[in-house]
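Survey of secondary and tertiary structure
What follows is each chain in one-letter form.
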Amino acid sequence: MQTLFINIKELVQVREKPMSFVGGKDMAILPTIKDAFLLVDNGLISDYGKMGDCPELKDVEVVDVSGKTVLPTWCDSHTHLVYAGTREAEFVDRINGLSYEEIAQRGGGILNSAKALQYISEEELYSQSKVRLEAIIRLGTGAVEIKSGYGLNLASELKMLRVIKRLNEDYALPIKATFLGAHAIPQEFKDNKNEYINILIDEMIPRVADENLADFIDVFCETGYFSVEDTDQILDIGTKYGLIPKIHVNQFTAIGGVQVGVKHNALSVDHLEEIRDQDIEALKQTKTMPVALPGCSYFLGIPYTPARKMIDSGLSLAIATDYNPGSAPSGNMNFIVSSACIKLKMTPEEAINAATINGAYAMGLEGQVGSITKGKLANFIVTKPISSYNFLPYSFGNHCIENVYLKGRVVE
Ligand code: NIG
Ligand code: FE
């Protein structure tokens, strides 16, 4: 089955040759074709070009998108969207003066979500999570990574990962799963962190790998959570079991998380609100993608990742939502793209690259999504009529999406 989209005002993020990611000065380049067509065959992008070169085809469904822009769907490479319940009481506590760290020290924060998750059935967890997944698809996300990490014991971590697996089977977008057993130290191990790490290493990682429930392994490498040495140890075992590291670093303190990530060839190091010159140096010439999460900075009122400095130093950058109940309860990538421009001082070209091709790379999906390239999935956004792609980040708080297509089919 072929579908031909004609009269596209501007076809954005067209990459003729497959590429892994863009970095440094190249992030400012966003190739487009004005007055374009796009041909979809069997769920894949099979051709595109200028309207003047549009092929005459029989038996093809034609969709006229005059005045509208087409771009690849957003690639959200960092979420925790499978969770139980919500945490708006902590939101109010923070307005009244408590910090995220203080709430966590009182046994709130991640441990609060872990408590809720222990008692919820797998079915109910699936039902709550699928509502969020469907909402982000309608907001233009066409590939997503989802973490465990609110289970913090074997049974509950497996429950989360099975829900992620089921979402991946039931929905048309690619979903990557990350095992984040090292997200917090459970209450019962608060004076005996090493015992929990031993359980992670001896029981949880082997079981997760055995059941093939995760692609990646994550650790919250942070003061008061898991140290650099803990992270090193956990990643060592994780990689032995075939899980690729993709870790939380430098959110509140810079303690060497970037370096331990690079040491283990992490696919990405995420957060980076607190970043030192030596951290930027450590990332140069590596294949580790730095990922900024401006929704978390916005919501918690913590510093924004210094994207300008990083890109001007030649680094690549991806942006993602961090969708979770504690530090970023929004999965809206349109807002993230706006925030990247407004708060991280990225240009629209840089922000769109960060949210598409670089986001795809940060979850190992650069061969399938992230650009308009022949052979990739036909996952794309058709905008409402807009004057230029600059309007996307400019119109913050609104989105300009008319339709989202996954594998060439419109999302109802
Ligand atoms: O990425 N920093 C660690 N994990 C999440 C927050 C989790 C939570 O508060 O529930 C984050 O910000
Ligand atoms: Fe996170």
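Residues numbered from 1 in each chain as written. Chains lettered and ligands numbered in written order. Predicted model: local features only at pLDDT ≥ 70, side-chain atom pairs only at ≥ 80, totals over all residues. Heavy atoms only, no water.

Let us look at the coordination of the iron ion (ligand 2). Surrounding the iron ion (ligand 2) are the protein donor atoms H78 (NE2), H80 (NE2), H248 (NE2) and D322 (OD), which sit 2.1 to 2.2 Å from the metal. Mapped onto the polypeptide sequence, the residues donating to the iron ion (ligand 2) form the spacing pattern H-x1-H-x167-H-x73-D. Taken together, the residues span a long stretch of sequence, with H80 in the loop between β6 (74-76) and α1 (88-95) and D322 in the loop between β13 (318-319) and α12 (333-342) at a distance of 242 residues. With respect to burial, H80 and D322 carry one shared label: buried. (Donors = N, O, S within 2.8 Å, 3.2 Å for Na, K, Ca; no water. Helix = DSSP H or I, 4+ residues; strand = E, 2+ residues; numbered from the N terminus. Buried < 20%, exposed > 50% of the residue type's maximum accessible area, 1.4 Å probe, protein only.)

Quick look at the site of ligand 1 now. Surveying the vicinity of ligand 1 reveals 15 residues, the closest of which are Y100, Y150, H183, Q251 and S327. H183 has a polar side-chain atom sitting 2.8 Å from a nitrogen atom of ligand 1. For ligand 1, an oxygen atom lies 2.8 Å from a polar atom in the side chain of H271. Alone, ligand 1 offers 330 Å² of accessible surface; in the complex the protein occludes 100% of this. Its residues assigned to classes, the shell around ligand 1 comprises four nonpolar, nine polar and two charged. (Near = heavy atom within 4 Å. Polar contact = N/O pair within 3.5 Å; in protein donor to acceptor, adjacent residues only side chain to side chain. Areas by Shrake-Rupley, 256 points an atom, 1.4 Å probe, with all protein chains shown as cover. Nonpolar A, V, L, I, M, F, W, Y, C, P; charged D, E, K, R; others polar.)

Here L125 is to be found in helix α4 (residues 122-138). With a relative accessible area of 0%, L125 lands in the buried category. A sequence separation of 38 residues divides L125 from V163, and the C-alpha atoms of the two residues are 7.2 Å apart. Beyond its immediate stretch of four places on either side in the chain, L125 contacts V82, Y83, A84, L117, I120, K159, M160 and V163. (Contact = heavy atoms within 4.5 Å.)

Tracing the backbone through its elements, the reader meets R308 in helix α11 (residues 307-312). According to the relative accessible area criterion, R308 is partly exposed, its value standing at 26%. Along the primary structure R308 and K345 are separated by 37 residues, whereas in three dimensions their C-alpha atoms are 6.4 Å apart. At a separation of 2.9 Å, a polar atom in the side chain of R308 contacts the main-chain carbonyl oxygen of K345.

Let us now look at the nonpolar core. In this structure, L133 and M346 are the most contacted members of the largest nonpolar core, which totals 120 residues. Ranked by the residues each element gives to this core, the list is headed by helix α6 (residues 193-210), at seven residues. Of the domains in this structure, domain 1 (2-72 + 372-410) and domain 2 (75-361) are the two that each give at least three residues to this core. Once residues within four sequence positions are removed from consideration, M346 is found in contact with M27, A307, R308, I311, L317, I319, A340, C341, A351 and A354. Listed in part, the 18 residues of the second largest apolar core include L11, A36, L38 and Y405. (Core = buried A, V, L, I, M, F, W, Y, C linked by side-chain atoms within 4.5 Å. Domains from an automatic or database assignment.)

Inspection of every chain in the model, using the stated rule, returns eleven aromatic pairs. Seen from their ring centres, F189 and Y196 are 5.6 Å apart, and the 40° between their planes marks the pair as tilted. Relative accessible area serves as the criterion here: at 13%, F189 is assigned to the buried category. Judged by centre distance (5.4 Å) and plane angle (50°), the rings of F391 and Y394 are tilted. Pair noted here: F391 and Y394 are both in helix α15 (residues 391-394), with a separation of three residues, about one helical turn. Feature note: the residues F5, F380 and Y405 constitute an aromatic cluster, connected by ring pairs. (Phe/Tyr/Trp six-rings, centres within 6.5 Å; stacked < 30°, edge-to-face > 60°.)

Splitting the protein by domain gives domain 1 (2-72 + 372-410) and domain 2 (75-361). Summarising the inter-unit geometry, the C-alpha centres of domain 1 and domain 2 are found 29 Å apart. Listed by partner, the interface residues are 28 residues for domain 1 and 30 residues for domain 2. Interface area, domain 1 with domain 2, both sides summed: about 2,400 Å², of which 68% is carbon and sulfur. Considering only the surface of domain 1 that becomes buried against domain 2, F21, M27 and P393 emerge as the three largest contributors, covering 27% of it. At the boundary of domain 1 and domain 2, one finds zero salt bridges. Connecting domain 1 to domain 2 are 13 residue pairs in polar contact (both at pLDDT 80 or more). Of all the elements in the fold, those that place two or more residues in the side of domain 1 that touches domain 2 are α15 and β15 (401-406). (Buried area = accessible area lost by both parts, 1.4 Å probe. Salt bridge = Lys/Arg side-chain N within 4 Å of Asp/Glu carboxyl O.)

Quick look at the environment of G370 now. In this structure, G370 sits in the loop between α14 (357-361) and β14 (380-385). Residue G370 is classed as buried on the basis of its relative accessible area, which comes to 3%. For the pair G370 and I247, spaced 123 residues apart in the sequence, the C-alpha separation amounts to 21 Å. Among residues more than four places away in sequence, those in contact with G370 are Q13, P72, C75, T356, I357, A360 and K376.

Below, the discussion takes up the sheet that holds β6. One open sheet holds the eight strands; their spatial order is β6-β7-β8-β9-β10-β11-β12-β13, and the pairing between them is parallel. Both outer strands of the open sheet, β6 and β13, are each paired with one neighbouring strand and no more. Here strand β9 (residues 216-221) runs beside strand β10 (residues 244-249); their pairing, made up of four bridges, is parallel. When the bridges of β10 are listed, F216 appears paired with I244. (Pairing = 2+ DSSP bridges.)

Every second residue of strand β12 (residues 289-292) is oriented toward a common face, with M289 and V291 on one face and P290 and A292 on the other, all of them buried. Where strand β11 (residues 268-271) lies against β12, three bridges are found, and the strand directions are parallel. Within β12, the position partnered with V269 by the bridge is P290. After leaving β11, the chain enters helix α9 (residues 277-283) and then returns to the sheet as β12, a path that is right-handed. As paired strands, β12 and β13 are joined by two bridges and run parallel to one another. Of the residues in β13, the one forming a bridge with V291 is A318. (Right-handed = clockwise from strand over helix to strand, strands pointing away.)

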